[in-house]
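What the coordinates show
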Amino acid sequence: MTTIAFIGLGNMGNPMAANLVKAGHTVLGFDLMPENLAVAKEHGVTIMADAGAAVKEAETVITMLPAGKHVLSVYEDIAAKAKKATLFIDSSTIDVESARKAHAIAQKHGHASIDAPVSGGTGGAAAGSLTFMAGGRKDAFARAEPILEPMAGRIVHCGDDGAGQAAKICNNMILGISMIGVSEAFVLAEKLGLSHQALFDVASTASGQCWSLTSYCPVPGPVPNSPANKDYKPGFAAALMLKDLKLAQEAAQAAGAATPLGAEAAQLYNLFNQQGNGGVDFSGIIGFLRGHSA
Ligand code: NAD
């Protein structure tokens, strides 16, 4: 068991840190929000005065922060304060370029580093069943794997520095596009007088089958635990989907990849968010599409 500094104890970071404590690690935590620190303390996290104080004692540093700029500013602050050869794990969802810069900062100071964004949401974070998509050198990944294990259902090494973030935004671009596709099919079915259940029964076992339909169905009924059955309470908030679709578009533009459907999905989620739906589950986009039907 080791000492882990955990920076960023929000909706995801707090339950993740709690699982590390449960696994027997000593977790030294820091966040800017006192209310999040109070929750962490209840979970057995030792609260530190600042990020620098947390990393001084640690063999591993985990960050779970909103965006690339936060990760880079925290890395600039802590890289020189951490013990030599500390393992840096960034699990935030950030742009690939910032992820590679974060690796460079850590490595310049003699640390090992991986980017390891997650999917599975707050439910997966609480259950310790997150999927980690990791990028970084093989030896850094080998060190990280047993640390991630108490928080994980699955851990995939995707390649070199930044490959975890690349996998995450590609996956979530598929998810955003497929949720819009499934929602459009239900809206069309409604217009054609076809019941939700009938479309589900056919498409869920036919060529239209996909996760957005069979695990996260955007209409209430066919999948009893999908957010559609709970008035579209997230789940995975539309604001976070928009964030990931924008990251995918930035990456596509920088890399010269054609992603016309990804661009359209980003535009639709942008409009959906602008109507005050940032806190609604992303499957609520079906209501927006209905609203635009004749
Ligand atoms: P959150 O806003 O609840 O938590 C982020 C935390 O970081 C906040 O508590 C904030 O105070 C803290 N923070 C910001 N700057 C800091 C600094 N300089 N030092 C210390 N703490 C700082 O967000 P979240 O939902 O926990 O998401 C975290 C990351 O995980 C994001 O990158 C998000 O895209 C990603 N993610 C979220 C989900 C989800 O369902 N919530 C799922 C997968 C991935």
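Fair warning: this is a prediction, and the values are worked out from it, not measured in the lab.

**Details of the overall build of the chain**
Summing up its helical and strand segments, the chain has 13 helices and 9 strands in all. For a compact globule of 294 residues, the expected C-alpha radius of gyration is about 19 Å, and the chain comes in at 20 Å, within 12% of that figure. Projected onto the principal axes, the alpha-carbon positions of the chain cover approximately 65 × 45 × 35 Å. Each of the 294 residues in the chain was classed as buried or not, and the buried ones make up 50%. Within the chain, counting contacts between residues at least 6 apart in sequence, those at least 24 apart form 65% of the total.

**Observations concerning the UniProt feature "domain: 6-phosphogluconate dehydrogenase NADP-binding" (unreviewed entry) in the chain**
When the UniProt feature table is mapped onto this chain numbering, "domain: 6-phosphogluconate dehydrogenase NADP-binding" (unreviewed entry) sits at residues 3-159. Strand forms 26% of residues 3-159 and helix 43%; the C-alpha atoms that close the span are 27 Å apart.

**With respect to the environment of aspartate 90**
Among the secondary structure elements, aspartate 90 is positioned in strand S5 (residues 87-90). For aspartate 90, a count of 32 C-beta atoms within 10 Å puts it in the buried group. Taking the C-alpha atoms as reference, aspartate 90 lies 15 Å from proline 146; in sequence the two are 56 residues apart. With sequence-adjacent residues up to four places away left out, aspartate 90 is seen in contact with Thr63, Val71, Ala99, Ala102, Asp115 and Ala116.

**Topic: the nonpolar core**
Here is a general trend for soluble globular proteins: nonpolar side chains tend to be buried in one another's company. If you look at the biggest cluster of nonpolar residues, it comprises 96 residues, and the most contacted ones within it are Val61, Ala144 and Tyr269. Looking at this core, the element that brings in the most residues is helix H8 (residues 163-192), giving 12 residues. Domain assignment of the residues forming this core places at least three in each of domain 1 (3-160) and domain 2 (166-291). Aside from chain neighbours lying at most four places away, what touches valine 61 is Ala5, Ile7, Val55, Ile78, Ala82, Thr86, Phe88 and Ile89.

**Some thoughts on the domain arrangement of the chain**
You can read the domains of the chain as domain 1 (3-160) and domain 2 (166-291). Taken over C-alpha atoms, the centre of domain 1 sits 29 Å from the centre of domain 2. The residue makeup of the side of domain 1 that touches domain 2, split by class, is 4 nonpolar, 3 polar and 1 charged.

**Description of the pairing of strand S1 (residues 3-7)**
Counting buried residues along S1, 4 of its 5 residues qualify, which places the element largely inside the surrounding structure. Regarding topology, helix H1 (residues 13-22) serves as the crossover connection from S1 to the parallel strand S2 (residues 26-30), and that connection is right-handed. Summarising the sheet, S1 and strand S4 (residues 60-63) pair through 4 bridges and their orientation is parallel. When the sheet's bridge partners are listed, phenylalanine 6 is paired in S4 with isoleucine 62.

**Things to note about the site of the ligand**
In the region of the ligand, 27 residues are neighbours, and Gly8, Gly10, Asn11, Met12 and Thr93 sit closest. At the level of elements, helix H4 (68-78), strand S7 (118-119), helix H6 (121-127) and helix H11 (238-255) are the ones that each hand at least two residues to the shell around the ligand. Residue composition of the shell around the ligand, by class: 14 nonpolar, 11 polar and 2 charged. Each of domain 1 (3-160) and domain 2 (166-291) gives at least three residues to the shell around the ligand.

**What about the pairing of strand S9 (residues 152-159)?**
Of the pairings in the sheet, the one linking strand S8 (residues 130-136) to S9 comprises 6 bridges and is parallel in character. When the sheet's bridge partners are listed, methionine 133 is paired in S9 with valine 156. A crossover links S8 with its parallel partner S9, the connecting element being helix H7 (residues 138-148), and its sense is right-handed.

What counts and how
- Residues numbered from 1 in each chain as written.
- Predicted model: local features only at pLDDT ≥ 70, side-chain atom pairs only at ≥ 80, totals over all residues.
- Helix = DSSP H or I, 4+ residues; strand = E, 2+ residues; numbered from the N terminus.
- Rg over C-alpha atoms; globule rule 2.2 N^0.38 Å.
- Buried ≥ 20, exposed ≤ 12 C-beta atoms within 10 Å, placed from the backbone.
- Contact = placed C-beta atoms within 7 Å.
- UniProt positions renumbered as here; feature names shortened; annotations may be inferred.
- Core = buried A, V, L, I, M, F, W, Y, C linked by C-beta atoms within 7 Å.
- Domains from an automatic or database assignment.
- Nonpolar A, V, L, I, M, F, W, Y, C, P; charged D, E, K, R; others polar.
- Right-handed = clockwise from strand over helix to strand, strands pointing away.
- Pairing = 2+ DSSP bridges.
- Near = placed C-beta within 6 Å.

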